[in-house]
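Coordinates in review
Here is what each chain is made of, one letter per residue.
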Amino acid sequence: MRVPFVDLKSQYQSIKPEIDQALANVLGDCAFIGGKYAASFEEEFAAYIGRQRCIGVGNGTDALFAAMAGLGLGPGDEVITAANTFIATAEGITGTGASVVYVDNDPTYYNIAVDQIEAAITPNTKAIVPVHLYGQPCAIDEVMAIAEKHGLKVIEDAAQAHGAMWKGKNAGTFGNCACYSFYPGKNLGAYGDAGAVVTDDAALEEHIRSHCNHGRHDTKYHGMEGFNSRIDGFQAAVLSVKLRHLEAWTEARIAAAKRYTEGLKDVCIVPQVHADARHVFHLFVVRVANRDELRKNLQEAGVPTGIHYAKALPYVAAYESLGHKPEEFPNAYRFQDEIVSLPIHGDLTDDQIDIVVEEVRKHAKMPEA
Ligand SMILES: *Cc1c(COP(=O)(O)O)cnc(C)c1O
């Protein structure tokens, strides 16, 4: 039996009548860009996260870029983020013309090492982009305290963390705004590209809406030059259906993670869930000493795996010119060769989990402390 890494087919089969009807409705109304399905999804998603406003955009990368541009970041500004994250986090920053400043990931929860943020702040620092990596919120209240002390904006990258919570509050409700991706494989995934920014800031909403729609504005025609990044009706309609199932899928992910953890904790380093966190397990990432060999063995046994991410951002070719050294971000540097992501999604069965556990137990080697 092959264990799918993500299982979009099973998921579709389980909600097919609802999805088919939703897509037919969009076709019937020809509400392809913006329109009523986009508006209702924005309202529903804002309510789910616990924010007043939601702006649907083309994808998560655009959400980050438009949010940062809307908060006034630009050339000469420095923006702090974690060394290990998806490159889109950094692209959002540099897209505005600002420079990215990396901080190492912490060795226990893999989020930004909050105790190292202040050392990275300079007179040019304007914002922090904490990432709720793998689905676990970072210590976002501590990030907010640092930001307040230094007068910095906070843009939460919640692209992997739909429904994650910190101290009982939804991650995505702490910063000036939070950015989500609805890439098909995300916890809440569309059937194409889509993303959103959530915020309580009316002026920011207005700026992002205008910026993502060619600078159009109710009163000023093209008040500025913008670009084109809008959620489309099909994606919004799919997301409205799926949002109704998200909590059940999230609970299934959490249960799967628990079963993996029980089965694997003595043979590899399993994810630690912070006592204040609701970890929604977008990814289930373990650390082993023999990562590449393990992946090969698992592949042969029908268990696909991933690496998130194969190189921490300071070490990818795109940022080579920054000249970062391994010792600057020792955790991110070390973990890039130890981390492996096991299959996890809301339709994973206990039998599938047990197959993965059995195969990992056969081959995994525990990393040295
Ligand atoms: C997926 C992802 C993004 C980008 O989202 P897209 O919709 O693919 O553009 C940004 N940040 C993180 C952490 C992500 O995982």
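First, a word on scope: everything that follows refers to the structure included in this document. (Residues numbered from 1 in each chain as written. Predicted model: local features only at pLDDT ≥ 70, side-chain atom pairs only at ≥ 80, totals over all residues. Heavy atoms only, no water.)

**A look at the site of the ligand**
Which entries qualify depends on this criterion: Note on definitions. A residue lies near a molecule or strand when any single heavy atom of the residue is within 4 Å of it. Two N or O atoms form a polar contact when they lie within 3.5 Å of each other; inside protein one atom must be a possible hydrogen donor and the other a possible acceptor, and for residues adjacent in sequence the pair counts only when both atoms belong to side chains. Note on areas: Shrake-Rupley, 1.4 Å probe, and residue coverage restricted to the protein chains presented here. Secondary structure elements follow DSSP: runs of H or I of four or more residues count as helices, runs of E of two or more count as strands, with numbering from the N terminus.
As a structural note, the neighbourhood of the ligand is formed by 15 residues, with Gly-60, Thr-61, Asp-157, Ser-181 and Lys-186 the closest of them. Between the ligand and the protein, one listed contact pairs an oxygen atom with a backbone N or O atom of Gly-60 at 2.8 Å. Between Gln-160 and the ligand, the recorded distance is 2.9 Å, taken from a side-chain N or O atom to an oxygen atom. Computed on the free molecule, the ligand has an accessible area of 380 Å², of which 93% lies beneath the protein chains in the complex. If you list the elements that add at least two residues to the shell around the ligand, you get helix H3 (60–70) and helix H4 (87–95). In terms of residue count, H3 provides more of the shell around the ligand than any other element does, three residues in total.

**Remarks on the pattern of salt bridges**
How we decide: The term salt bridge refers to a side-chain nitrogen of Lys or Arg lying within 4 Å of a carboxyl oxygen of Asp or Glu. Each residue's exposure class comes from its accessible area (1.4 Å probe, protein chains only) as a fraction of the maximum for that residue type: buried when under 20%, exposed when over 50%, partly exposed otherwise.
Using the criterion set out here, one finds 22 salt bridges in the structure. Measuring nitrogen to oxygen at the nearest pair gives 3.2 Å for the salt bridge that ties Arg-244 to Glu-18. You can see Arg-244 sitting in the loop between helix H8 (233–243) and helix H9 (246–264) and its partner Glu-18 sitting in helix H1 (residues 8–29), a full 226 residues away along the chain. Lys-149 is the salt-bridge partner of Glu-118, the closest N and O atoms lying 2.9 Å from each other. You can see Glu-118 sitting in helix H5 (residues 117–120) and its partner Lys-149 sitting in helix H6 (residues 140–150), a full 31 residues away along the chain. Lys-149 gets classed as exposed once you look at its relative accessible area, which sits at 61%. The structure contains a network of salt bridges with shared partners spanning Glu-42, Arg-53, Glu-205 and Arg-209.

**Re the environment of Ala-364**
Going by this rule: Here a residue-residue contact requires only that any non-hydrogen atoms of the pair lie within 4.5 Å.
Within the fold, Ala-364 resides in the segment after helix H12 (350–363). Each C-alpha atom, one on Ala-364 and one on Cys-268, is 6.5 Å from the other, the two residues being 96 residues apart in sequence. Residue contacts for Ala-364: discarding those within four places in its chain leaves Val-267, Val-288, Asn-290 and Leu-294.

**With respect to the sheet that holds strand E12 (residues 277–278)**
Convention followed: Any two strands with at least two DSSP bridges between them are considered paired.
Ordered in space as E7-E6-E12, the three strands form an open sheet in which the pairing is antiparallel. Whereas interior strands pair on both sides, the edge strands pair on one side only; in this sheet they are strand E7 (169–170) and E12. Direction of pairing for strand E6 (residues 165–166) relative to E7: antiparallel, over a ladder of two bridges. The residue of E7 that forms the bridge with Trp-166 is Lys-169.

**Focus: the pairing of strand E8 (residues 177–181)**
The element E8 is extensively covered by neighbouring structure, given that five of its five residues are classed as buried. Neither face of E8 is left uncovered, since the one carrying Cys-177, Cys-179 and Ser-181 and the one carrying Ala-178 and Tyr-180 both have all their residues buried. Of the strand pairs in this sheet, strand E5 (residues 153–157) and E8 are connected by three bridges, and their pairing is parallel. In the strand pairing of E8, Ile-155 is matched with Cys-177. Looking at chain direction, E8 and strand E9 (residues 195–199) are connected through five bridges and run antiparallel.

**Details of the sheet that holds E9**
Our working rule: The axes used here are C-alpha line fits, helices contributing only the stretch in contact, and every angle between their N-to-C directions lies in the interval 0 to 180 degrees.
Read from one edge of the open sheet, seven strands run E1-E9-E8-E5-E4-E2-E3, paired in mixed fashion. This sheet does not close on itself; its edge strands, each paired only once, are strand E1 (53–57) and strand E3 (99–103). Each neighbouring strand pair of the sheet contributes to a mean axis angle of 25°, computed without reference to strand direction. Along the sheet face, H6 touches strand E4 (125–129) and E5 and points at about 155° away from the line of E5.

**Quick word on helix H2 (residues 35–49)**
Since the α-helix turns once every 3.6 residues, residues separated by three or four places project in the same direction. To keep things clear, this is the line we draw: Take the number of residues in a helix, subtract one, and multiply by 1.5 Å to get its expected span. As used here, the arc belongs to the directions running from the helix axis to the C-beta atoms.
Its 15 residues place the ends of H2 22 Å apart at the C-alpha level, agreeing with the 21 Å of an ideal helix rising 1.5 Å per residue. For H2, the set of buried residues is Tyr-37, Ala-38, Phe-41, Glu-42, Phe-45, Ala-46 and Ile-49. Along the axis of H2, the buried positions cluster into a sector of 160°, meaning they face one direction only. Summarising the geometry of H2, the exposed residues directed more than 90 degrees from the buried face are Lys-36, Glu-43 and Ala-47. Positioned one or two residues after H2, Gly-50 has a phi angle of 95°, which is positive.

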